[in-house]
Amino acid sequence: MSQDVEAIKASYPLFRSDEYKDNLARKKEMYEECHPQEKIDEIFEWTTTEEYKELNFKRKSLTINPAKACQPLGAVLCALGFEKTMPYVHGSQGCVAYFRSYFNRHFKEPIACVSDSMTEDAAVFGGQKNMYDGLENCKKIYKPEMIAVSTTCMAEVIGDDLNAFIGNSRKEGHIPDDYPVPFAHTPSFVGSHTTGWDNMFEGIARYFTLNYMDDKEVGSNGKINIVPGFETYLGNFRVIQRMLKEMDVDYTFLSDPTEVLDTPADGKFRMYAGGTTQDEVRDAPNAIDTLLLQPWQSMKTRKLVKGTWNQPASDIKIPMGLEWTDNFLMKISELTGKPIPASLELERGRLVDMITDSHAWLHGKKFALWGDADYVMGMTKFLLELGAEPTHILCNHANKRWKKAMQQILSDSPYGMDCEVHTGKDLWHMRSLVFTNKPDFMIGNSYGKFIQRDTLSKGKEFEVPLIRIGFPIFDRHHLHRDTTLGYEGAIYILKTLVNEVLARLDEETRGMGTTDYNYDLIR
Ligand code: SF4
């Protein structure tokens with residue numbers, strides 16, 4: 001095919017040229033053995049019906065577009081939040097390529113992570129030898145001060161024992177006895193990326209504290225520990241820290257990858273930047289309490305905080321929206337005795353003002369929503385505060401207790417009455433839901449764009465626009481820098497939602513002399 005070296009075209013304009021159009025049509029006709037277009041259209045129509053939805057929801061042995069990622073991906077993000085730490089995945093190289101590219105596409109940053117590249121022989125005889133070489137090479141080449149080990153499916157299926165392998169690596173002299181190598185088994189055939197984050201965090205916290213509790217005393221360092229959970233909005237780390245600073249509260253953020261995921265382009269490559277120090281983890285049991293910002297996703301961590309650190313791990317909800325941010329700040333105030341300052345009250349007042357200003361546009365708007373357990377719960381709560389109506393809520397990896405709690409939140413509000421909550425379902429289920437009971441918008445990650453495309457294919461009146469909030473977001477830039485927590489996050493979400501509503505309204509009322517009913521400069 002011809003390209004002009006003086007003006008190389010990218011795929012989008014190139015594939016629209018006649019030469020490529022002919023070529024693609026011939027390829028389809030000669031090699032693809034396609035079904036006739038009428039048949040394809042007929043089946044497409046059928047997949048949008050109630051009848052198909054019922055069959056779809058009976059599906060057991062297949063997941064399509066799963067609305068979750070696997071455990072070690074979460075473990076890698078957790079490890080990136082610690083100072084000079086290299087995430088190390090015991091298992092297949094391809095898995096690690098996937099984790100790195102997944103984060104790389106979302107954060108637009110290089111992601112440091114190594115694998116010990118288990119292949120066929122290791123799958124048969126076990127991966128201990130890989131770990132000997134892997135740990136030694138990793139330490140020598142990348143000079144981390146900690147290596148945080150997780151596992152892929154392959155290592156778990158054959159039952160590799162990380163505790164024994166790491167212990168033997170020390171005995172055989174591949175790594176020094178006192179060199180920190182915390183680990184977590186992260187089998188991907190159970191749980192999700194959020195479970196993997198929790199497991200890795202517990203592994204790191206356990207490594208530095210479990211056998212060193214004798215001289216620890218709850219409250220002796222006067223700090224509050226904050227555990228973010230699987231968090232990909234960099235603004236969320238920053239807003240929580242800002243609010244704590246404004247309250248004059250001493251805190252430790254346990255796992256903070258904001259620096260390493262946001263390095264500047266100043267000619268210097270930083271494999272490591274920022275992060276929680278090992279000393280901060282050692283000191284964590286001396287804090288007044290440890291607050292889990294995503295409690296439904298931090299079960300194992302909670303157990304350690306309560307059982308080993310003897311802290312209350314006070315019950316909080318993800319600080320999203322108005323009421324749950326209020327509750328978070330009041331809990332901090334209760335634990336530390338520090339008052340909530342005027343600056344935060346002012347910020348809250350601004351949010352309330354914005355809610356009032358935009359209420360007329362958001363009231364009664366219907367939203368479908370998917371994502372991780374705590375985020376989905378926080379978003380639902382805020383939608384209800386705005387008078388919006390969640391219609392379909394989907395979380396692939398949440399338990400029955402979560403579902404019950406969600407249903408309670410919905411039934412406490414007049415706006416939650418017509419909502420269905422689905423767990424263990426995927427985005428192909430969500431597709432059926434929005435075709436058979438159309439919401440005004442979907443809120444979710446980039447994968448929702450294919451649902452939007454399908455709904456548009458059926459006809460403009462069926463289109464459900466996607467509002468991109470969640471993880472991963474590959475097809476828009478820099479949204480991960482925004483904030484979804486605290487009053488600041490609520491302001492961002494409100495702004496995003498109301499302006500999508502207004503943009504859609506503009507789109508639907510721009511026909512000259514037909515649908516331009518109002519003087520629509522002012523909304
Ligand atoms: S699901 Fe298993 S095989 Fe697939 S990327 Fe995750 S760890 Fe690797």
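Preceding this section is the structure that the text describes.
Below you will find a few notes about this structure.

Calculation rules
- Residues numbered from 1 in each chain as written.
- Predicted model: local features only at pLDDT ≥ 70, side-chain atom pairs only at ≥ 80, totals over all residues.
- Heavy atoms only, no water.
- Helix = DSSP H or I, 4+ residues; strand = E, 2+ residues; numbered from the N terminus.
- Expected span 1.5 Å × (residues − 1).
- Buried < 20%, exposed > 50% of the residue type's maximum accessible area, 1.4 Å probe, protein only.
- Contact = heavy atoms within 4.5 Å.
- Phe/Tyr/Trp six-rings, centres within 6.5 Å; stacked < 30°, edge-to-face > 60°.
- Lys NZ or Arg CZ within 6 Å of the ring centre and 35° of its normal.
- Core = buried A, V, L, I, M, F, W, Y, C linked by side-chain atoms within 4.5 Å.
- Pairing = 2+ DSSP bridges.

For the rest of this paragraph, the subject is helix 12 (residues 234-246). The end-to-end C-alpha separation of helix 12 is 19 Å, in line with the 18 Å expected for 13 residues at 1.5 Å each. Within helix 12, the full set of buried residues consists of Leu-234, Gly-235, Asn-236, Phe-237, Val-239, Ile-240, Gln-241, Met-243 and Leu-244. Of the surrounding secondary structure, the elements contacted by the buried residues of helix 12 are helix 6 (93-107), strand 4 (224-227), strand 5 (251-253), helix 15 (321-336), helix 16 (342-362) and helix 21 (486-508). Phi turns positive one or two residues past the end of helix 12, at Asp-248, with a value near 60°.

For the coordinates displayed, the defined rule picks out 16 aromatic pairs. Positioned over the ring face of Tyr-179 is Lys-139, at 5.1 Å from the centre of the ring. Stacked on the ring of Trp-428, the Lys or Arg Arg-431 has its end atom at 4.3 Å from the ring centre.

In this structure, Ile-240, Phe-328 and Ile-443 are the most contacted members of the largest nonpolar core, which totals 61 residues. At nine residues, the largest contribution of residues to this core is made by helix 21. Ignoring anything within four residues of it in the chain, the contact list for Ile-443 reads Phe-367, Ala-368, Leu-369, Trp-370, Tyr-375, Met-379, Leu-383, Leu-466, Ile-467, Ile-469 and Leu-497.

Of the pairings in the sheet, the one linking strand 8 (residues 389-395) to strand 9 (residues 420-423) comprises four bridges and is parallel in character. Directly across from Leu-394, in strand 9, lies its bridge partner His-422.

We now examine the pairing of strand 3 (residues 146-151). Of all six residues in strand 3, six are buried; the element is thus mostly enclosed. Residue alternation in strand 3 divides its side chains into two sets, Met-146, Ala-148 and Ser-150 and Ile-147, Val-149 and Thr-151, and both sets are buried. Strand direction decides the pairing type here: strand 1 (residues 85-90) and strand 3, joined by six bridges, are parallel. In the sheet register, His-90 faces strand 3, and the bridge partner there is Thr-151.

Across the junction of Phe-471 and Pro-472, the peptide omega takes the value -5°, indicating a cis bond. Examined against the element boundaries, Pro-472 turns out to sit in the loop between strand 11 (466-468) and helix 21. Phi at Ala-67 is positive, roughly 60°, even though this residue is not glycine. Mapped onto the secondary structure, Ala-67 falls in the loop between helix 4 (50-56) and helix 5 (71-80). Here Lys-108, not a glycine, exhibits a phi torsion of approximately 55°, which is positive. By the element assignment, Lys-108 lies in the loop between helix 6 and strand 2 (114-115). Lys-108 gets classed as partly exposed once you look at its relative accessible area, which sits at 30%.

For the rest of this paragraph, the subject is helix 8 (residues 128-142). Taking 1.5 Å of rise per residue, the 15 residues of helix 8 would be expected to cover 21 Å, and the 21 Å separating its terminal C-alpha atoms lies within 8% of that figure. Among the residues making up helix 8, those that are buried are Asn-130, Met-131, Tyr-132, Gly-134, Leu-135 and Cys-138. Next to the buried residues of helix 8 lie strand 1, strand 2, helix 7 (120-125), strand 3 and helix 10 (162-171). Of the residues one or two after helix 8, Lys-143 is the one with positive phi, at around 50°.

This part is about the environment of Ser-411. Along the polypeptide, Ser-411 turns up in helix 18 (residues 400-411). For the pair Ser-411 and Glu-109, spaced 302 residues apart in sequence, the C-alpha to C-alpha distance is 42 Å.

With that settled, the discussion passes to the environment of Glu-259. Relative to the helices and strands, Glu-259 resides in the loop between strand 5 and helix 13 (278-283). Between the alpha carbons of Glu-259 and Leu-234 there is a distance of 9.1 Å; along the sequence they are 25 residues apart. Not counting residues up to four positions away in its chain, the partners in contact with Glu-259 are Ala-273 and Gly-274.

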